[in-house]
Structures are given as C-alpha cells and as structure tokens.
Amino acid sequence: MSASRHTQYEWQWQQLLECTLRDILQSINPLREDWDVRFHMINEIRAVVQSVESLRGATVEPYGSFVSELFTKWGDLDISIELHHGSYITSAGRKHKQSLLVDVLHALRKRGGYRRLQFISNARVPILKLEGRYNISCDISVNNLSGQMKSKMLYWINEIDGRFRDLVLLVKVWANNHRINDSKSGTLNSYCLSLLVVFHFQTLEPPILPPLREIYPGNIIDDLTGLRAAAEKQIEDICGANINRIKADRSRIVNRSTLSELFISFLAKFSDICSRASTQGVSPFSGQMEDIDSVMRWLPKTYALFVEDPFEQPANIARTVSSKQLLRIAEAIRVTHVTLVPENQNRASLASVMVGQHLPPLFGTETPVSRNEFNPHSTRRYPPSQMPPKFPRKPMNKHQKGGSNGAMNASTSQKKPMDKRQNGETNGSPNASTSQNPQVWKPRK
C-alpha cells in the first residue's frame, strides 16, 4: 500500500472510530426525562425523610455523578441526609448514622413502592440501597458533605474542557461492558475511573488539565470545618479564581486531540498498569506518577493499586482493587486496544468492544435528540441550592488551556477534526462537546 493510500486509510479509520464514539456518547447521554425522574425520586425521598421524627430538620441533598454531571441515562443516584446543628459542620458517629438509616428503612417500607432495599451497615460509609419506581438505583448516606464537595470539584473541572465529561462517560460505559466498574467485586469504582481520566488529561502532551493542586492547593476534606456556608464559599472562591486563571492563560499550548485519540491514548497509558502498580501510585493532585516508597503518606504499601484521592489525601480510591482483578482490568485494556487498531476494525466490532449488550438500543432504535428538543442552556434543570455554582467567566480564547506536565506522558497525534455530523450535538473539534454548561442557581447562602 502506498504512503498516500495508507494515510487515507488511517484517516478513514479515525473517522469511523470518532463517529462510533460520538454515536455511543449521544445514546448514553441523559435526556430531559432522565433528569426529571431523578429529581422526582429526590423529592420522594425528601418526603420520606421529613416523615421520620429522628430526622426532623434534616435536608436531602444529591451528590455523586448526578451533581458532577458524569452520569449516563442508566446512572444511579447518590443522596446524603444532612443533619443540621445550627450552621456548623458536624460529624455524626457511625452508630448514630446506622440508627438513622434504619429509621429511614422502616419509613420506606411503610410507604411502599421501593424494591431491593438493603442496609449495608459495615461499609466504610454506612449506606442504604434501594431501587425506586423508575428502575433507578439509589444509595442513601448520612452527613456526606465530603462526597458533595468532591462531586462539585469534578463538575468544576469540566469547565476547563468539556472533553473531560465526554471521555469519562465513554470510559464508564466501556468499563461496565468489561465488568471492571464494580468496587464490590474488586475492580474500579466510577469515582476512580473519573480521576484516571483527570490524570490522563494531566499527562498528555500538551496537557489539557493541570495538576489539581493548581486548582486547590490544600486538602479539601480537612478544610470543611466551622461554619458550613463560610467553608464552602472559601473553597468555591479559591477554585473559581484558579480555574478562571487557567482558562484565561493564553500562553498555554492547546491540545486539539479528538475524542477517539483521547480514548486510544487512555488505553495506551494504562496498558502497563499491572507492572507499574507494584512500585508507583497515581497522583492527580501532583499530576504525575509517584514512587510509593518515596511518598511517606502512602506507606506502608498494602494495596494492589494506588490512586490517591486528590481531595482527601492520602486516601486510596482504588483500595478495593484486588491483585486478581487488577489482571482482569489490564486484560480488558489490552483486548480493547487490540480491537481498535485499523486492521481489526468495523463498526460492529467497535460498538461491541465498547458497549457489548447495549448494542441494540444504541444503534438504530432511538431517535437522535436535536439541540432544539433538549437544550440544557435554556432549560433550568436544577433546584435551588442543590447544584454547584458556575464560576463567572473571564475573557478567554475559545480553546481550552492545558496545565503543567507530569510523568507518564502519552502523546496524541494532532489530526484534523472529524466531521460535524451529530445532529448539532457534537463534533470532533476540541472545543465542541456533548457536555453543556447549564444554568445553575447560586450556592447556599
């Protein structure tokens, strides 16, 4: 094959992969009704909590992927019951949390309409699990302010570059297909997958995201003390100022990688995860791999994989990953990477390795949603005080800015953008994403 024909073949292959990923992304993105049923479920649980005498004055607040907007249309819902003792941040004891969740369990059973009720009292954070009328799984915890702040941080990170959300959704649906997105079975939880995407964006050449210490230089969970409104506002102000500075920095080199290039380089970056995990840990806070023996806060090493929580250092968000399951994770990465080379590729094989059994509903049975049908910019989706604030935007150029580079770099080739074919929703350009920045209410006063 001549060089020109090979180049054309490579370009056609990238178009096919890009278009397939965009189609998958459009199919898994939540629609208006997916938001509506979750808000309805939040209100139902709020009514149940208000009926519990021991929870008088408590509030019901969502967190997790729903707040960070990193959920698919099949995504579950995380809810925190916040106990209010004046305006100060308090920490309920473990036994007290368990007792309150038992009260909620009784109230849910009395009301009826909920399935698969399960109280997990021995979890690191006691959880009440259930499934509502809309086949949405829900986890209820007590006083999980840390979870709320972590969710807001991921939401704010997406303001730097919308490709972050797109890749997180694709990585999550891919990991689900390969059954490596389940902490209970010893694989990766969704929060860990999101932070691996953060790390990937930090270590590209040029980088898309900075080390997270450039957004918030401290330990967020340690700083959640005193008056809640004041503590949250201080964190929001620091993050907002730094994110605006990063976005307005015209000296940063623009990374124009397409979604398909980002996904392939993600697989390439973690293809040697087994060999590196024995000696190195992933640090989104510093934006680089760190030698475990040289980071005192990580010792002694007792985990198969170490991914540090940048907002609650030195907690390991991959602590449930077992050595056996780490091998399964590595094999899933290898199989997918091999499948995505041009010689093995057609649309069916691409979709199969990405979504597996979700293939029938993803292609050919759903009508694409146009921008006119569902425009998050014009639809107020969030109740007051439940969702993170958007930071005021300063003048900046249209492209995202990268951050300082860390170790474990994986370069992505700078190809021309793919065709604009996704019904006005997405295209392959760096500043075009299915992620939308919705109108949100200001934070709690």
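Computed from a predicted structure; not experimentally measured.

So, about the overall build of the protein. When helices and strands are tallied, the protein shows 13 helices and 9 strands. Looking at the protein as a whole, 56% of its 445 residues are labelled buried. Long-range contacts, defined as pairs at least 24 residues apart, comprise 75% of the intrachain contacts of the protein with a sequence gap of at least 6. Total accessible area on the protein is roughly 19,300 Å²; 51% of this is exposed by carbon and sulfur atoms.

Let's shift gears to the side chain of Arg228. Position of Arg228 relative to the elements: it lies in helix α8 (residues 228–248). Overall, Arg228 belongs to the buried group, its relative accessible area being 8%. A polar side-chain atom of Arg228 sits 2.9 Å from a polar atom in the side chain of Glu61.

Pairs of packed helices are described in terms of their axes, by the angle between the two and the distance that separates them. Put simply, helix α5 (residues 145–157) and α8 touch, their axes get as near as 11 Å, and they point 20° apart. Between α5 and α8, the angle falls in the class roughly parallel. The crossing of α5 and α8 is right-handed. Counting all contacts with α5, which are made through Leu145, Gln148, Met149, Lys152, Met153 and Trp156, the residues of α8 involved are Arg228, Glu232, Ile235, Glu236, Cys239 and Ile243.

Another aspect to go through is the environment of Ser190. For Ser190, the position within the fold is in helix α7 (residues 190–202). In sequence terms Ser190 and Gly64 are 126 residues apart; their C-alpha atoms lie 9.4 Å from each other. Residues contacting Ser190, with those up to four places away along its chain left out, are Lys172 and Asn181.

Turning to the confidence of the model for the protein, a few remarks are in order. Taken over all residues, the pLDDT of the protein has a mean of 81, while the share at 70 or more is 77%. Ranking the elements of the protein by mean pLDDT puts strand β9 (residues 410–411) last, at 38, and α7 first, at 98. Overall, residues 364–386 carries pLDDT values under 50, and its contacts beyond four positions in sequence, including any with other chains, amount to 58 contacts.

Take the environment of Leu167 next. Checked against the element boundaries, Leu167 lands in helix α6 (residues 163–177). You can call Leu167 buried: its relative accessible area is 0%. The spatial distance from the C-alpha of Leu167 to the C-alpha of Phe263 is 6.9 Å, given a sequence separation of 96 residues. Residues in contact with Leu167, not counting those within four places in the same chain, are Val197, His200, Phe201, Leu259, Leu262 and Phe263.

Membership of the largest hydrophobic core comes to 78 residues, with the highest contact counts inside it found for Phe164, Trp174, Phe201, Ile215, Phe263, Leu305 and Met354. In terms of nonpolar packing, the next biggest core, distinct from the first, is built from 31 residues, Phe39, Val48, Phe66 and Leu128 among them.

The next subject is helix α4 (residues 94–111). The end-to-end C-alpha separation of α4 is 26 Å, in line with the 26 Å expected for 18 residues at 1.5 Å each. Of all the positions in α4, only Lys97, Leu100, Leu101, Val104, Leu105, Ala107 and Leu108 are classed as buried. For α4, the arc enclosing every buried residue in end-on projection is 165°, short of the 170-degree limit, so these residues lie on one face. With respect to the buried face of α4, the exposed residues turned more than 90 degrees away are Lys95, Arg109 and Lys110. Its buried side turned inward, α4 meets α2 (32–50), β2 (77–82), β3 (115–120), β4 (127–131) and β5 (137–142). Two residues or fewer past α4, Gly112 is found with a positive phi of approximately 80°.

Cut-offs used in this document
- Residues numbered from 1 in each chain as written.
- Predicted model: local features only at pLDDT ≥ 70, side-chain atom pairs only at ≥ 80, totals over all residues.
- Heavy atoms only, no water.
- Helix = DSSP H or I, 4+ residues; strand = E, 2+ residues; numbered from the N terminus.
- Buried < 20%, exposed > 50% of the residue type's maximum accessible area, 1.4 Å probe, protein only.
- Contact = heavy atoms within 4.5 Å.
- Areas by Shrake-Rupley, 256 points an atom, 1.4 Å probe, with all protein chains shown as cover.
- Polar contact = N/O pair within 3.5 Å; in protein donor to acceptor, adjacent residues only side chain to side chain.
- Axes fitted to C-alpha atoms, helices over the stretch in contact; angles between N-to-C directions.
- Parallel < 35°, antiparallel > 145°, perpendicular 65-115°, else oblique.
- Left-handed = near helix turned anticlockwise from the far one by under 90°.
- pLDDT = per-residue confidence, 0-100.
- Core = buried A, V, L, I, M, F, W, Y, C linked by side-chain atoms within 4.5 Å.
- Expected span 1.5 Å × (residues − 1).
- Arc of directions from axis to C-beta.

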